[in-house]
Amino acid sequence: MSDQTASTPDATASRSAAPRRRGWGAFFRDLVVIVVIALLVSFLVKTFVVRSFYIPSASMENTLLVKDRILVDELTPRFGEYARGDVVVFRDPGGWLDNAPAPERSPFVEGVDWVLSLFGLSAPDSDDHLIKRVIGTAGDHVVCCNALGQTTVNGVPLDESYVRLSPGATAPDPVPYDVTVPQGSLWVLGDNRNSSRDSRYNQAQPGQGFVPVDNVVGRAFLITWPFTRFGAIDFHHEVFAGVPAPGAP
């Protein structure tokens, strides 16, 4: 008679169950690693490459509508310069935004919003930022308005077809100003001129209406939501093509 013990059904089941338990452990370990890597990559992308924001007001209509979601390029402030016509998102230079308290939200909603923000799917700090179009860069002489109600930059009137006008109007309501943009700053206006608290209305603030480039998060370049409006944001650089460099004869 052989000394080898025959396998019983229970022993066979036990041996087959062990690898299965190790398989599930490996699966969950790999899942955790994937989630951590995804969060890390998302954090790095959001911090250094691109961020998502939503539009909380009508100040940029009809280019951007309330509740549009946009992507903002964060590389421009690190490796390039802003040009006239660029649409930029920036932190409040001081006194531009009302300090109204944010509505209270449950811890659950706050938690979900925080998790979504890690993946760039939510933008909880949108209300702490502003979005406008760059009209003047460092050294530019910007004036409002000529006899036709046009803004001029370095003596050249702008034909701003993208500006939203009141019914029957041929130009926005004039808000006179005559400024020269200092180094490291921008002069910005909303496309919906009659409903935008932009550089014109903040000349009495410490920054005199100018936006420090250091406050700029980046350049908005894409509408991502709603899908019916998906597409690139038009900078209308052609409007500024004839504007000479500051100080040019």
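Computed from a prediction, not measured in an experiment: that's the story for all the values here.

*Asks:* Would you mind showing me how to read the overall build of the protein chain here?
*Replies:* Each helix and strand in the protein chain was counted, giving three helices and twelve strands. Put simply, the protein chain has 249 residues, and 36% of those count as buried. Residue pairs at least 24 apart in sequence account for 73% of intrachain contacts in the protein chain once pairs closer than 6 positions are excluded. As displayed, the protein chain offers around 14600 Å² of accessible surface, 61% of which is attributable to carbon and sulfur atoms.

*Asks:* What exactly am I supposed to notice about a nonpolar patch on the surface here?
*Replies:* On the surface, Trp24, Phe27, Phe28 and Leu31 cluster together into a nonpolar patch covering about 440 Å² of accessible area. Here Phe28 lies in helix H1 (residues 9-48).

*Asks:* Got a minute to help me understand the sheet that holds strand E7 (residues 156-157) in this structure?
*Replies:* Taken in spatial order, the four strands make up an open sheet running E7-E6-E5-E8, and their pairing is antiparallel. Strands at the two margins of the open sheet, each flanked by one partner only, are E7 and strand E8 (177-180). Pairing analysis gives four bridges linking strand E5 (residues 141-144) to E8, with the strands arranged antiparallel. Bridging across to E8, Val142 finds its partner in Val179.

*Asks:* What's the story with the nonpolar core in this structure? I'm lost.
*Replies:* The tendency in soluble globular proteins is for nonpolar side chains to be buried side by side. Core analysis: the largest hydrophobic core is formed by 16 residues, its most contacted members being Ile135, Val142, Leu158, Tyr177, Trp187 and Phe240. Secondary-structure elements contributing two or more residues to this core are E5, E8 and strand E9 (185-189). Residues contacting Tyr177, with those up to four places away along its chain left out, are Val142, Val143, Cys144, Thr151, Trp187, Leu189, Arg200 and Gln203. Listed in part, the 14 residues of the second largest apolar core include Val89, Val217, Ile223 and Ile233.

*Asks:* I keep staring at the packing of aromatic side chains and nothing clicks. Help me out?
*Replies:* The geometry of an aromatic ring pair is captured by two quantities: the separation of the ring centres and the angle between the planes. Tallying each qualifying case throughout the model produces four aromatic pairs. Their ring planes at 75° and their centres at 4.7 Å tell us that Trp225 and Phe227 sit as a pair that is edge-to-face. For Phe227, a relative accessible area of 63% corresponds to the exposed category. Grouped by ring-pair contacts, the aromatic residues Tyr177, Trp187 and Phe210 constitute a single cluster.

*Asks:* How do you make sense of the environment of Gly207 when you look at a structure like this?
*Replies:* Tracing the chain through its elements places Gly207 in the loop between E9 and strand E10 (211-212). With a relative accessible area of 34%, Gly207 lands in the partly exposed category.

*Asks:* Quick question: what am I supposed to make of the layout of surface pockets here?
*Replies:* Estimated volume of the second largest pocket: approximately 290 Å³. For the second largest pocket, the lining is made up of 22 residues, of which Gly149, Gln150, Glu160, Ala171 and Pro172 are closest to its centre. Here the lining of the second largest pocket is composed, by residue class, of twelve nonpolar, five polar and five charged.

What counts, and at which threshold
- Residues numbered from 1 in each chain as written.
- Predicted model: local features only at pLDDT ≥ 70, side-chain atom pairs only at ≥ 80, totals over all residues.
- Heavy atoms only, no water.
- Helix = DSSP H or I, 4+ residues; strand = E, 2+ residues; numbered from the N terminus.
- Buried < 20%, exposed > 50% of the residue type's maximum accessible area, 1.4 Å probe, protein only.
- Contact = heavy atoms within 4.5 Å.
- Areas by Shrake-Rupley, 256 points an atom, 1.4 Å probe, with all protein chains shown as cover.
- Patch = residues over 30% accessible without salt bridge, like charges linked within 9 Å, V, L, I, M, F, W, Y side chains within 5 Å.
- Salt bridge = Lys/Arg side-chain N within 4 Å of Asp/Glu carboxyl O.
- Pairing = 2+ DSSP bridges.
- Core = buried A, V, L, I, M, F, W, Y, C linked by side-chain atoms within 4.5 Å.
- Phe/Tyr/Trp six-rings, centres within 6.5 Å; stacked < 30°, edge-to-face > 60°.
- 1 Å grid on protein atoms, 1.4 Å probe; cavity = no way out; pocket = protein on both sides within 12 Å on 5 of 7 lines; lining within 4 Å.
- Points joined across faces, edges and corners; volume = space filled by probe spheres on them.
- Nonpolar A, V, L, I, M, F, W, Y, C, P; charged D, E, K, R; others polar.

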